[in-house]
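Structural description and commentary
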Amino acid sequence: MEKLKVGILGATGMVGQRFIDLLRDHPWFEVVTVAASPRSAGKKYSQAVEGRWKMENPIPEAVADLVLKNVNEVEEIAAGVDFVFSAVDMSKDEIKAIEEAYAKTETPVVSNNSAHRWTPDVPMVVPELNPEHYEVIEAQRKRLGTKKGFIAVKPNCSIQSYAPALFALKEFQPKEVVVSTYQAISGAGKNFKDWPEMVENIIPYIGGEEEKSEREPLRIWGKVEDGEIKLSQDAPKITAQCIRVPVLYGHTATVFVNFGIKPTKEQIIEKWINFKGLPQELDLPSAPKQFIRYMEEDNRPQVQLDVNYENGMGVSMGRLREDSIFDYKFVGLSHNTIRGAAGGAVLSAELLTAKGYITKK
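Keep in mind that this is a model prediction, so the values were computed, not measured.

With respect to the secondary-structure elements, K54 resides in the loop between α2 (45–48) and α3 (61–64). A residue is classified by how much of its surface remains accessible, and K54, at 19% relative accessible area, is buried. Those residues in contact with K54, other than ones at most four positions away along the chain, are M14, Q17, G189, N191, D194 and Y249.

Right, here's the structure in full:
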C-alpha cells in the first residue's frame, strides 16, 4: 500500500522525538512534516534538536533535513499530510483549540496529550482494551462538522503498568485497587543531564498524576452511549500514589486488589498470558505478540532487564501473591515513552487505519 503521510506536532520534545524514532521504517506511515513552536520554525530538524536529541538511535536521515514548520500554521501543515500525531507542549486550552483546528481541516489527530481525555465524544483508547470506543468518532465528526477529521487520544503513561492487568481479569470483578507508581524521569520529558536533582533522589509528587491514575481507567471501562463515552458502574475503585524515581525509562506499579469473585493465582496468570486484543488479531505492525507476560522470578520485572519487552510495547507482571488485607498483590512494569506514549499512539493510528477511520486524503 502507498504510505500515509504523517505530520508530527511538537516534534522537538521527548515524545515527538520518540515518534520520529519509532516511525523511521514504518511499513504504513511516513513522516513528511515536523512542526514545533514558532521559535524553532524555519530550522532544519537536526539543527533544532542539536544537543537535545534524547533517543538511543541517531536522527533518521529522512527527517534530519526536514524544515520545522510553525505548529500554528494549521491550514498549511494540514494540506500536506493525511493525519497528525500531537505531542505539543502548550496549555490545556491551547491544546484543545489547536487539535480541534486540525481536525476541522479534515485531518485526523492522534494525540498523546491529556487535554481531550475527558471530552465526552473523544475516544481514549488502549488498542487491546477498548477499541469499540472508536465508534464515538461518528458523533464527534457530527459535532465538528467533518467527514474525515477527528481527535483520538491515548491515556496516561503510568496506567499502562496496571490497567491492562486489571482489564484482563474483568470477569473476576476487580472492586478495590490500591496502586503506587514509581515513575521514570523521561515521563517529565527529561533525562539526568537535564535534571541532576533526580540523581539518587525520589520526589513523592507528580502534579495531576494521581487524579489521572485513579480516573482514567474508569473511562476505559466505560461504554459508548448516545454519542459519548459513559463511565461504567462496574469499574474498580482506584486510589493511587505517584512517585518520581531516578530511572530513565520505565514506570513500575505495585498493586493491591480485591475481587468480587476471587480467582486462584493460576487463573490470574492464565488470563494474563492468554490475553489478546484486536491489535494481535489483526497482526498490526507495532502490536506486541504477547501483550502481558508473567515472570515467575521473585526479583522481576526489573527496569534494566525488562522495560524493552516486545520492543517496549508489552507489559510485564510479577510477584503475584495473596495478601493479608486484599485478595492479591502484584508488580507491573511498562515502558513509559513507548507503550505509554508514542508507541501507544502509533498502535492506535494503526488500528484506526485498519478500521478505515484514517485514510488517504
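This part covers helix α9 (residues 265–273). I268, I269 and W272 are the residues of α9 that are buried. The buried residues of α9 all sit within an arc of 95° when viewed along its axis, so they share a single face. Here the buried face of α9 lies against α7 (163–167), β11 (251–259), β12 (292–295), β13 (315–322) and β14 (328–334).

Let's shift gears to the sheet that holds strand β1 (residues 4–9). The six strands lie next to each other as β3-β2-β1-β4-β5-β6, forming an open sheet whose pairing is parallel. Pairing within the sheet leaves two strands with one partner each, and these edge strands are β3 (69–70) and β6 (151–153). Pairing geometry for β1 and strand β4 (residues 83–86), over four bridges, is parallel. Residue pairing in the sheet places I8 in a bridge with F85 of β4. Taken strand by strand, helix α5 (residues 92–104) contacts β1, β4, β5 (109–111) and β6, and its axis lies near 150° from that of β5.

Turning our eyes to something else, we now look at the nonpolar core. Nonpolar side chains tend toward joint burial in soluble globular proteins. Ranked by internal contacts, the top residues of the largest apolar core, which has 53 residues, are Y102, W272 and F330. Other than its neighbours up to four places away in sequence, W272 contacts A165, A168, L169, I292, Y294, M317, L320 and F330. Grouped together as the second largest cluster of nonpolar side chains are 44 residues, V6, L23, Y45 and F83 included.

A few words on the environment of K262. Following the sequence through the fold, K262 ends up in the loop between β11 and α9. Overall, K262 belongs to the partly exposed group, its relative accessible area being 42%. Separated by 55 residues in sequence, K262 and G207 place their C-alpha atoms 34 Å apart. Sequence-distant contacts of K262, that is, excluding residues within four places in its chain, are made with E322, D327 and Y328. A distance of 2.6 Å separates the side chain of K262 from the side chain of E322, its partner in a polar contact.

Turning our attention to the packing of aromatic side chains. For the structure shown, the criterion picks out 13 aromatic pairs. Where W28 meets F29, the ring centres are 6.3 Å apart and the plane angle is 85°; that geometry is what we call edge-to-face. Relative to F83, the ring of F29 lies with its centre 5.1 Å away and its plane at 70°, an arrangement referred to as edge-to-face. Here F83 lies in strand β4 and F29 lies in strand β2 (residues 29–36), a separation of 54 residues in the sequence. Judged by its relative accessible area of 0%, F83 is buried. Taken together, the aromatic side chains of F19, W28, F29, F83 and F85 make up a single cluster linked through ring pairs. Across the ring face of Y249, the terminal group of R18 is positioned such that the distance to the ring centre comes to 5.0 Å. The ring of Y328 is capped by K262, whose NZ or CZ atom sits 5.4 Å from the centre of that ring.

Before going further, it helps to spend a moment on the side chain of H116. Positionally, H116 belongs in the loop between β5 and α6 (137–144). Judged by relative accessible area, which is 2%, H116 ranks as buried.

Roughly 1200 Å³ of internal volume is contained in the largest pocket. Around the largest pocket, the lining comprises 46 residues; the ones closest to its centre are V15, A87, V88, D89 and N113. Among the elements of the structure, α1 (14–22), α5, α8 (209–220) and α12 (338–354) are those that each provide at least two residues to the lining of the largest pocket. The biggest single contributor to the lining of the largest pocket is α1, with four residues. Residue composition of the lining of the largest pocket, grouped by class: 16 nonpolar, 20 polar and ten charged. Of all the secondary structure elements, the ones that give two or more residues to the lining of the second largest pocket are α1, α11 (303–306) and α12. Classifying every residue of the lining of the second largest pocket gives 14 nonpolar, eight polar and seven charged.

Here we take up the sheet that holds strand β10 (residues 237–244). Spatial ordering of the open sheet is given by β10-β7-β11-β14-β13-β12, a layout of six strands whose pairing is mixed. Only two strands of the sheet have a single partner each, and these edge strands are β10 and β12. The mean inter-strand angle of the sheet, taken between neighbouring strand axes irrespective of direction, is 20°. The sheet contact formed by β11 and β14 spans seven bridges and is antiparallel. In the sheet register, H251 faces β14, and the bridge partner there is S334. Lying over the sheet, α8 contacts β7 (174–183) and β10, oriented at roughly 145° with respect to β10. Its contacts with the sheet place α9 against β11, β12, β13 and β14, and it is angled at close to 140° to β12.

The rules behind the values
- Residues numbered from 1 in each chain as written.
- Predicted model: local features only at pLDDT ≥ 70, side-chain atom pairs only at ≥ 80, totals over all residues.
- Heavy atoms only, no water.
- Helix = DSSP H or I, 4+ residues; strand = E, 2+ residues; numbered from the N terminus.
- Buried < 20%, exposed > 50% of the residue type's maximum accessible area, 1.4 Å probe, protein only.
- Contact = heavy atoms within 4.5 Å.
- Arc of directions from axis to C-beta.
- Pairing = 2+ DSSP bridges.
- Axes fitted to C-alpha atoms, helices over the stretch in contact; angles between N-to-C directions.
- Core = buried A, V, L, I, M, F, W, Y, C linked by side-chain atoms within 4.5 Å.
- Polar contact = N/O pair within 3.5 Å; in protein donor to acceptor, adjacent residues only side chain to side chain.
- Phe/Tyr/Trp six-rings, centres within 6.5 Å; stacked < 30°, edge-to-face > 60°.
- Lys NZ or Arg CZ within 6 Å of the ring centre and 35° of its normal.
- 1 Å grid on protein atoms, 1.4 Å probe; cavity = no way out; pocket = protein on both sides within 12 Å on 5 of 7 lines; lining within 4 Å.
- Points joined across faces, edges and corners; volume = space filled by probe spheres on them.
- Nonpolar A, V, L, I, M, F, W, Y, C, P; charged D, E, K, R; others polar.

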